Structures are given as structure tokens and as C-alpha cells.
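Descriptive structure summary
The lines below spell out each chain.
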Amino acid sequence: MAKEIWDALAMKRALTRITYEIIEQNKGTDNLVLIGIKTRGVYLAKRIHDRIQKLEDVDVPVDELDITLYRDDRHDASLKQDPVINSNKISVDINDKKVILIDDVIYTGRTIRAAMDALMDDGRPSSIKVAVLVDRGHRELPIRADFVGKNIPTAADEQVAVNMVEKDGRDSVELKSLPK
């Protein structure tokens, strides 16, 4: 069973607020690079890019990052098949740049840790900040998001599902109960 937490308008407002916070905390857009974590983080990064372009009339570099090779659960014996490996190299120069790493949901922190490892293999940014649409808690690593659309406390048997028009045909955030 799924309970809708946010509709499309609420998501749009949260992304607009996150965009303003990114611009404000970075004192503009100089040396800013947006990197979306596949899959939904990429769509969010592009939306933030578009809002920055409208607000500041600046075309901030945006790219996507596949962290499959950097996951610490990649060699888990319970996985039935090898993961599909896509290119994990980004085409944007991140050296001495302020990188905003963007994802849909932050949970244990392991995805963000893997993404930071992948970024450091590509270059040496001056800083890395994290933007997420939803923070659901339950961290296993000492990682936090710098920009958060909404904190949604969850139980261990719940899942936050971010639906996006580009992938799912609609924009919403849902809280789902996992089967027991």
C-alpha cells in the first residue's frame, strides 16, 4: 500500500527551494557543477539546472554518474546476477569545482559514499555538497545532505518512492509498506 506524501506541485516547490539554497550557499554559480546520481538523481539535476538557468541566466555544467562499480554491496552473494555496468566517467571537469551531488532519496548514506568515491576517481573538486529530494533517516555512515527537500521519518519496513515524469509518467513522492 502506498501513501502519497507529495504531489507534482509540492515536488516543484521543493526543487525551487533547493535551487535557491544552492545559489545562496555558493554565493552564486561560479565554479558550480551539478552531478546527478543515476537514475532519478539525473532527472533532478537537470531540473535544478533548468531553474538555475532561468533564475541566474547561467548554463551550469550538469552531468550524470553511475555508481554501480563503487557500491559496497556489489559482491553480495545474494545478488542473482552481475550488475549492468554503464560508463561511470563524467564528461565535466570537476577539478577545483564546487560539486553538487544530487539524488532522490538519502537513506543509509552508502550511495552517497559510493558517488564520492567515483567523483574522486575523476578529479579533485574544491568541495562536494549533497542535495536530495527526500531524507528518510536510518544512516549507517556519517553522511548528511546539505540541501533537503523534505525529511520523512520512516520505519525499517517502509520505502520512499520518488516518481518522476521522465521515468514513471508522473511526479510524486510516496511512502510504501514493504511486504513482510
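So, a few notes on the structure that sits alongside this text. Here the residue numbers are simple positions, counted from 1 along each chain's written sequence. Totals for whole chains, interfaces and linings use every residue, but because this is a predicted model, local features are given only for residues with pLDDT of at least 70 and side-chain atom pairs only at 80 or more, for both listing and counting. Think of the side-chain values as coming from all heavy atoms in the structure, minus any hydrogens and water.

Remarks on unusual backbone geometry
For residues that are not glycine, phi is negative in most cases, and the peptide bond is trans in most cases. To keep it simple, the criterion reads: Each helix is a run of H or I in the DSSP string that is no shorter than four residues. Each strand is a run of E no shorter than two, and both are numbered from the N terminus. A simple rule labels every residue: compare its accessible area, found with a 1.4 Å probe on the protein chains alone, to the largest value its type can have, and call it buried under 20%, exposed over 50%, or partly exposed in between.
Residue Lys38 is joined to Thr39 through a cis peptide bond whose omega torsion reads 10 degrees. In this structure, Thr39 sits in the loop between strand S2 (32-37) and helix H2 (40-56). In this structure, Asp96 takes a positive phi of about 60 degrees despite not being glycine. Look at Asp96 and you get exposed, because its relative accessible area is 58%. Even without being a glycine, His138 presents a positive backbone phi close to 70 degrees.

Brief notes about empty space enclosed by the protein
To find leftover empty space, one rolls a probe the size of a water molecule over the atoms. Here is the rule: A cavity here means a set of points on a 1 Å grid, drawn over the protein atoms and nothing else, where a 1.4 Å probe fits but cannot get out; a pocket is an open set with protein on both sides within 12 Å along at least five of seven lines, and a residue lines either one if it has an atom within 4 Å of a point. Grid points are joined across faces, edges and corners, and a volume is the space filled by probe spheres set on the points. Under the grouping applied here, Gly and all other residues not named as nonpolar or charged are polar, the nonpolar ones being Ala, Val, Leu, Ile, Met, Phe, Trp, Tyr, Cys and Pro and the charged ones Asp, Glu, Lys and Arg.
Evaluation of the coordinates by the stated rule reveals one cavity of 30 Å³ or more. For the largest cavity, the calculated volume is near 30 Å³. Along the walls of the largest cavity sit Leu15, Ile18, Leu44, Ile48, Ile102, Asp103, Ala131, Val132 and Leu133, which together make up its complete lining. Only helix H1 (8-25), H2, strand S4 (98-106) and strand S5 (127-135) provide two or more residues apiece to the lining of the largest cavity. Taken together, the residues of the lining of the largest cavity break down into eight nonpolar, no polar and one charged.

Brief notes about the pairing of S4
Note the following rule: DSSP bridges decide pairing: two strands pair if at least two such bridges lie between them. A crossover counts as right-handed when, viewed with the strands pointing away from the observer, the path leading from the first strand over the helix to the second turns clockwise.
The element S4 is largely enclosed, with a buried count of eight among its nine residues. Inspection of the sheet shows S2 paired to S4 by five bridges, in the parallel sense. Its bridge partner lying in S4, Gly36 is registered against Ile102. Pairing of S4 with S5, which is carried by eight bridges, proceeds in the parallel orientation. Of the residues in S5, the one forming a bridge with Leu101 is Val130. In this view, the connection linking S4 to its parallel neighbour S5 by way of helix H3 (residues 110-122) has right-handed handedness.

Considerations on H2
Our working rule: Between the first and last residue of a helix there are one fewer steps than residues, each counted as 1.5 Å, and that sum is the expected span. Whether two residues touch is decided by their heavy atoms; if any such pair falls within 4.5 Å, the residues are in contact.
Taking 1.5 Å as the rise per residue, H2 with 17 residues should run 24 Å; its terminal C-alpha atoms sit 24 Å apart, in good agreement. Residues of H2 that are buried include every one of Gly41, Val42, Tyr43, Leu44, Ala45, Arg47, Ile48, His49, Arg51 and Ile52, and no others. At its buried positions, H2 is contacted by H1, S2, strand S3 (62-65), S4, S5 and helix H4 (165-168). In the segment just after H2, Asp57 is the residue with positive phi, at about 55 degrees.

No statement about biological role is implied by the geometric values presented.
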